[in-house]
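Each chain is listed here by its residues.
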Amino acid sequence: PGDLGMALAERGAAHVMLRQLDDAALDLGQARAQLEIAGDRKTLGEMNNYLGHLERARLRIDAALPYFRAATDINEAFGSIDALRYNLSAVLQSQMRLLQWPDALATGERLWALRERLENPGLRAASEGYYARWRQGKFLEFVQQIAATHDVEVHVGALAAAPGS
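Residues numbered from 1 in each chain as written. Predicted model: local features only at pLDDT ≥ 70, side-chain atom pairs only at ≥ 80, totals over all residues. Heavy atoms only, no water.

(A) Quick peek at the nonpolar core. Judged by nonpolar contacts, the single largest core of 15 residues is most densely connected at Val-16, Leu-28, Met-47 and Leu-54. Contributions of two or more residues to this core are made by α1 (2-17), α2 (21-38) and α3 (41-57). Considering every element that reaches this core, the biggest residue donor is α3, with six residues. Not counting chain neighbours up to four residues away, the residues in contact with Leu-54 comprise Val-16, Leu-21, Ala-24, Ala-25 and Leu-28. (Core = buried A, V, L, I, M, F, W, Y, C linked by side-chain atoms within 4.5 Å. Buried < 20%, exposed > 50% of the residue type's maximum accessible area, 1.4 Å probe, protein only. Helix = DSSP H or I, 4+ residues; strand = E, 2+ residues; numbered from the N terminus. Contact = heavy atoms within 4.5 Å.)

What follows is the structure, encoded as structure tokens:
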């Protein structure tokens, strides 16, 4: 069941990238069942990530966030630091799209705390660059750039209490 689950998960992820969302949902649902039977908790973390991306592709950010959080918890439990950073970034982006600014700030702090433990130097540099701009009083600019990248509107009033804005 584990190998079949992994194969279905990867195919489901490919369907998400190709915007074949119904096919993705079928594959990911079957993959989840196979991985649960196999007891493969680490790959279930990846599955949660894929399901989060599926929900985000469906523009259901509120449904994506719990999947990204579950993937974060599993990767943290396994000590998968680079994967944890990736999942925390997805959590952060989702929180910003949902205008959950206090939660986004806390997630940003968690990302910063990981920087020295990242194995991938590119991820480390990206984390440090984002955080440095965030802490240097450019929080509003940071959020607006992220929002523009993801084609969402930022309501400046929601940021009034944000640090550095």
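Once the structure has been displayed, the description carries forward.
(B) Focus on the confidence of the model for the protein. Model confidence for the protein is summarised by a mean pLDDT of 82, while 72% of its residues fall at 70 or above. Within the protein, the element-level pLDDT minimum falls on helix α7 (residues 121-135), averaging 57, and the maximum on helix α4 (residues 61-78), averaging 96. Overall, residues 158-165 carries pLDDT values under 50, and its contacts beyond four positions in sequence, including any with other chains, amount to 16 contacts. (pLDDT = per-residue confidence, 0-100.)

(C) Representation of the pattern of salt bridges. Enumeration over the complete set of coordinates arrives at five salt bridges. Taking the shortest distance from any N to any O, the salt bridge between Arg-58 and Glu-55 comes out at 3.4 Å. For Glu-55, the salt bridge identified is with Arg-60, shortest N-O distance 2.6 Å. Glu-55 gets classed as buried once you look at its relative accessible area, which sits at 7%. For Arg-60, a relative accessible area of 39% translates into the label partly exposed. Ionic contacts of the salt-bridge type, sharing partners, join the residues Glu-55, Arg-58 and Arg-60 into one network. (Salt bridge = Lys/Arg side-chain N within 4 Å of Asp/Glu carboxyl O.)

(D) Inspection of the environment of Arg-60 at higher detail. Along the chain, the position of Arg-60 falls in the loop between α3 and α4. Along the primary structure Arg-60 and Ser-94 are separated by 34 residues, whereas in three dimensions their C-alpha atoms are 9.8 Å apart. Among the polar contacts made by the side chain of Arg-60, one reaches the side chain of Glu-55 at a distance of 2.6 Å. (Polar contact = N/O pair within 3.5 Å; in protein donor to acceptor, adjacent residues only side chain to side chain.)

(E) Main features of α4. With 18 residues, α4 should cover 26 Å at 1.5 Å per step; its first-to-last C-alpha distance of 26 Å lies within 8% of that length. The secondary structure elements touched by the buried residues of α4 are α3, α5 (81-97) and α6 (101-114). Of the residues trailing α4, Gly-79 is marked for its positive phi of about 75°. (Expected span 1.5 Å × (residues − 1).)

(F) Examining the packing of α3 against α4 more closely. It is at 8 Å that the axes of α3 and α4 come closest, and there the two elements cross at 160°. With respect to their mutual orientation, α3 and α4 come out roughly antiparallel. In the packing of α3 onto α4, the handedness of the crossing is left-handed. Taking contact as the criterion, the partners of Arg-41, Lys-42, Leu-44, Gly-45, Asn-48, Asn-49, Leu-51, Gly-52, His-53, Glu-55 and Arg-56 in α3 are, on α4, Ile-61, Ala-63, Ala-64, Tyr-67, Phe-68, Ala-70, Ala-71, Ile-74, Ala-77 and Phe-78. (Axes fitted to C-alpha atoms, helices over the stretch in contact; angles between N-to-C directions. Parallel < 35°, antiparallel > 145°, perpendicular 65-115°, else oblique. Left-handed = near helix turned anticlockwise from the far one by under 90°.)

(G) Just the environment of Ile-81, in detail. Its location among the elements puts Ile-81 in helix α5. For Ile-81, a relative accessible area of 9% gives the class buried. Sequence-wise, Ile-81 and Leu-114 are 33 residues apart; in three dimensions their C-alpha atoms are separated by 7.5 Å. Contacts of Ile-81, omitting those with residues within four sequence positions, involve Leu-114, Arg-117 and Leu-118.

(H) Molecular detail of the environment of Leu-8. Turning to its location among the elements, Leu-8 is positioned in helix α1. Linking Leu-8 and Leu-28, residues 20 residues apart in sequence, is a C-alpha distance of 6.5 Å. Leave out the neighbours within four places in its chain, and Leu-8 touches Asp-27, Gln-30, Ala-31 and Gln-34.

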